[in-house]
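Summary of structural features
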Amino acid sequence: MKKNQYTEKAKSFWKNSFIAFVLKNLLAAIAIILIIVTLTVIWLKRYTEHGIEVEVPEVTGMYIEEAKVVAEAQGLHVMVIDSTYSKKVPYGSIVEQNPQAGRKAKHGRSIYLIINAKGARQVVLPDLHDNSYRQAESTLATLGIQVEEVVYEPSEYRDIVLDVLYKGVSQEPGTKLTEGCQVTLVVGQGKGTEMVSVPNIQGMTLKDARALLRSEYLTIGAMAYDEAPTEETKEQFVIYSQDPAAGTMLLEGSGIDVSLSTDLEKAATANNDYSDEDFF
């Protein structure tokens, strides 16, 4: 009888007592925490492969496909993080790895790679016209372009850049050149002593006009555009006016001022006007 009374009191305690309510929730919370901690430890152990280390293989000098096979055989992965350019190693090969070969790494980790680019980097040639020779040489050096030769020609001013030649061909600003290539700088030596006749450059692009004037030991002087040129339109401009006019005699190295427009009709009209004046 007493045993039944004790049992009934115990049931009543766990059912109605506030303390029992708190104890039950506390025990439940502890159980949940223990489960979470246990699962977390298991997950971390699997994720980090705790205690399992492998030796990092040597993959420098290999191509990425070869390195991937070698690394996976050791339970590692490869990841390309950067590229560089060197003529000393094959294009596309691995030039640096981290961790280094021979070191220990946990199973499943990555080997970070730097590869040699599959081709030389292309750099954009800046506008060097009217820059000093020293300034132009320094600018080209920062781009990885070497000055192979300096050619002097008559000009209005000494030691200013008149043109940039690559393999003997004039290069316009914005042209892409291969890093490491060599160019020739055409540099002014001041006015000469001979008189030359100014050619007609109306209707020409700036590039063609420069080439023609250089052949006559003359240069482009001041340039005036009837609208601001952009990257898309700069090669569409043609010369519609020049000063001095064609046929004028000037000292070698003198500059010819030009006005440019994308309006071809304007240039054509200017050419016709010039031809009529010249005829009469």
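In case you missed it, the structure is sitting above this.
These remarks concern the structure in this document. Small disclaimer: the values here were computed from a predicted structure and weren't measured. (Residues numbered from 1 in each chain as written. Predicted model: local features only at pLDDT ≥ 70, side-chain atom pairs only at ≥ 80, totals over all residues. Heavy atoms only, no water.)

Considerations on the overall build of the protein chain
Which entries qualify depends on this criterion: For helices the rule is a DSSP run of H or I covering at least 4 residues; for strands it is a run of E covering at least 2, with both sets numbered from the N terminus onward. Any residue under 20% of the maximum accessible area for its type is buried, any over 50% is exposed, and the rest in between are partly exposed; the area is computed with a 1.4 Å probe on protein chains only. What makes two residues a contact is simply this: any of their non-hydrogen atoms within 4.5 Å. In these tables, accessible area is a Shrake-Rupley quantity obtained with a 1.4 Å probe, and a residue counts as shielded only by the protein chains included in the view.
Looking only at helices and strands, one finds six helices and 16 strands in the protein chain. Looking at the protein chain as a whole, 32% of its 280 residues qualify as buried. Looking at the protein chain alone, contacts between residues at least 24 apart form 71% of all its contacts between residues at least 6 apart. With an accessible surface of roughly 17,900 Å², the protein chain has 55% of that area assigned to carbon and sulfur atoms.

Let's talk about the sheet that holds strand β8 (residues 158-166)
Note the threshold: Any two strands are treated as partners once DSSP identifies two or more bridges connecting them. Lines fitted to C-alpha atoms define the axes, with helix axes restricted to the stretch in contact, and inter-axis angles between N-to-C directions lie between 0 and 180 degrees.
Pairing is mixed across the open sheet formed by four strands, whose spatial order is β7-β11-β8-β9. Only two strands of the sheet have a single partner each, and these edge strands are β7 (146-153) and β9 (169-170). Packed onto the sheet, helix α4 (residues 133-142) meets β7, β8 and β11 (182-189) and runs at close to 165 degrees relative to β11. Its contacts with the sheet put helix α5 (residues 206-215) on β7, β8, β9 and β11, and the angle it makes with β8 is roughly 115 degrees.

Things to note about the packing of aromatic side chains
Quick note on the threshold: Pairs were defined over the aromatic rings of Phe, Tyr and Trp, the Trp ring being its six-membered one, requiring ring centres within 6.5 Å. Orientation was assigned from the angle between planes: stacked under 30 degrees, edge-to-face over 60, tilted for the rest.
Evaluation of the coordinates by the stated rule reveals one aromatic pair. Between Tyr225 and Phe237, the ring centres sit 5.0 Å apart and the planes meet at 90 degrees, which makes this aromatic pair edge-to-face. Of the two residues, Tyr225 sits in strand β13 (residues 219-225) while Phe237 sits in the loop between β13 and β14 (238-243), which places them 12 residues apart along the sequence. By relative accessible area, Phe237 is classed as buried at 1%.

Points about the side chain of Ser254
The line we're drawing: A 3.5 Å cut-off defines polar contacts: any pair of N or O atoms within that distance qualifies, except that in protein one atom must be a possible hydrogen donor and the other a possible acceptor, and neighbouring residues in sequence count only when both atoms are side-chain atoms.
Structurally, Ser254 can be placed in the loop between β15 (249-251) and β16 (255-261). Judged by relative accessible area, which is 6%, Ser254 ranks as buried. A distance of 2.8 Å separates a polar side-chain atom of Ser254 from the backbone oxygen of Leu251. Not counting chain neighbours up to four residues away, the residues in contact with Ser254 comprise Glu156, Lys191, Tyr217, Leu218 and Thr219.

Some thoughts on the environment of Gly190
As for its placement among the helices and strands, Gly190 is situated in the loop between β11 and β12 (195-197). Separated by 64 residues in sequence, Gly190 and Ser254 place their C-alpha atoms 8.8 Å apart. Those residues in contact with Gly190 that sit more than four places away from it in its chain are Glu153, Pro154, Ser155, Tyr157 and Arg158.

Regarding the sheet that holds β14
With respect to topology, three strands assemble into an open sheet ordered β13-β16-β14, the strand pairing being mixed. In the strand order of this sheet, the two ends are held by β13 and β14, each with one partner. Taken pair by pair, the neighbouring strands of this sheet meet at an average axis angle of 35 degrees, ignoring direction.

Topic: the pattern of salt bridges
Our working definition: What counts as a salt bridge is simple: a side-chain nitrogen of Lys or Arg found within 4 Å of a carboxyl oxygen of Asp or Glu.
Scanning all chains against the criterion turns up three salt bridges. Arg134 serves as the salt-bridge partner of Glu137, at 3.4 Å between the closest nitrogen and oxygen. With a gap of three residues between them, Glu137 and Arg134 both fall in helix α4, about one helical turn apart. Overall, Glu137 belongs to the partly exposed group, its relative accessible area being 27%. Note that Arg214 is salt-bridged to Glu153, the shortest N-O span being 3.0 Å. Within this pair, whereas Arg214 is found in helix α5, its partner Glu153 is found in strand β7, the two being separated by 61 residues in sequence. The class for Glu153 is buried, based on a relative accessible area of 11%. Look at the salt bridges and you will find they share partners, linking Glu153, Asp163 and Arg214 into a network.

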